[in-house]
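Chains, contacts and geometry: an overview
Here's the letter readout for the chains.
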Amino acid sequence: NAGVTQTPKFQVLKTGQSMTLQCAQDMNHEYMSWYRQDPGMGLRLIHYSVGAGITDQGEVPNGYNVSRSTTEDFPLRLLSAAPSQTSVYFCASSYRTGREGYTFGSGTRLTVV
Amino acid sequence: AQSVTQLGSHVSVSEGALVLLRCNYSSSVPPYLFWYVQYPNQGLQLLLKYTTGATLVKGINGFEAEFKKSETSFHLTKPSAHMSDAAEYFCAVSEPVGNYGGSQGNLIFGKGTKLSVKP
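Read on for a plain summary of the structure.

Cut-offs applied
Residues numbered from 1 in each chain as written. Chains lettered and ligands numbered in written order. Predicted model: local features only at pLDDT ≥ 70, side-chain atom pairs only at ≥ 80, totals over all residues. Heavy atoms only, no water. Helix = DSSP H or I, 4+ residues; strand = E, 2+ residues; numbered from the N terminus. Rg over C-alpha atoms; globule rule 2.2 N^0.38 Å. Buried < 20%, exposed > 50% of the residue type's maximum accessible area, 1.4 Å probe, protein only. Contact = heavy atoms within 4.5 Å. Lys, Arg positive; Asp, Glu negative; His and termini not counted. Charge placed at Lys NZ, Arg CZ, Asp CG, Glu CD. Buried area = accessible area lost by both parts, 1.4 Å probe. Salt bridge = Lys/Arg side-chain N within 4 Å of Asp/Glu carboxyl O. Polar contact = N/O pair within 3.5 Å; in protein donor to acceptor, adjacent residues only side chain to side chain. Nonpolar A, V, L, I, M, F, W, Y, C, P; charged D, E, K, R; others polar. Pairing = 2+ DSSP bridges. Axes fitted to C-alpha atoms, helices over the stretch in contact; angles between N-to-C directions.

This next bit is on the overall build of chain A. What chain A contains, in helices and strands, is zero helices and 11 strands. When the helices and strands of chain A are listed from N to C terminus, the series reads β-β-β-β-β-β-β-β-β-β-β. Expected size for 113 residues packed as a compact globule is a radius of gyration near 13 Å; at 13 Å, chain A falls within 12% of this value. Viewed in the frame of its principal axes, chain A has a C-alpha envelope of about 40 × 25 × 25 Å. Burial status across chain A gives 49% buried among its 113 residues. For chain A, contacts bridging at least 24 residues in sequence account for 54% of all contacts bridging at least 6. Positive and negative side-chain charges of chain A, numbering 9 and 8 respectively, have mean locations separated by a distance of 8 Å.

Listed below in structure tokens is the structure:
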């Protein structure tokens, strides 16, 4: 089925470790983004991309890096994990205008100990 | 910057009762507006959206929402609650992406409202 695929679904990291959360979509969407969800905070934008080779920061970018070398993939890198990065991470994609709505992946639950 | 306010972090209704979840946004220019639903341990599913045209929007599972520009509101309603409606609901608005003309890229979310349905 077409959609947004996130891997892994669950991950436990030790403080200071690095890792990459994967996100792939097969809908030829230009726009992709990463959000984190924390209790009582809703979803907050980390980074986004409006097309291959173009990325920009959202509301809470510190501690995360992204790149967009293809239309399909938008990985999120944690450089040195901290307990404050314990959260559920969602990837989303849409066509450029956003009129059709945004499709979300099923999420990655990350715990940093 | 845009902001979205959802009144009530928890709402409880009886099965068969009216569901009303409130959402207000801050933009002076009509944005694109969305309601998403999240069931436990799942991702977000689009319930309905307003972009242009008719201000009363119908979505899935019997939900609807009305865009009221004068009140900067986009409240979500359902005439009769069902047990399966128990979930968390998020209102979101899109905002134009900075230097990337023509792109309504970024979604700004409210903090969510958890809906409980009592038998």
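Residue-level contacts link 27 residues of chain B with 25 residues of chain A. Interface of chain B and chain A: buried area, both sides summed, is about 2000 Å²; carbon and sulfur atoms make up 52% of it. The interface formed by chain B and chain A holds zero salt bridges in total. Where chain B meets chain A, there are five residue pairs in polar contact (both at pLDDT 80 or more). Elements supplying a minimum of two residues to the side of chain B that touches chain A: β4 (33-38), β5 (44-50), β9 (87-95) and β10 (106-109) of chain B. Along the lines of polarity and charge, the residues of the side of chain B that touches chain A split into 10 nonpolar, 14 polar and three charged.

What follows concerns the pairing of strand β8 (residues 73-78) of chain B. Within β8(B), five of the six residues are buried, leaving the element largely enclosed by the surrounding structure. Counted between consecutive antiparallel strands, the loop separating strand β7 (residues 64-68) of chain B from β8(B) contains four residues, among which T72(B) sits at a positive phi close to 40°.

The strands making up a sheet are joined through hydrogen bonds of the backbone, oriented either antiparallel or parallel. Residues and elements named next belong to chain A. Strand order in the open sheet formed by four strands is β1-β3-β8-β7, with antiparallel pairing between adjacent strands. At either margin of the open sheet sits one strand with a lone partner, and together these are β1 (4-7) and β7 (64-66). In this sheet, adjacent strand axes meet at a mean angle of 20° when their direction is disregarded. Here β1 runs beside strand β3 (residues 19-25); their pairing, made up of four bridges, is antiparallel.

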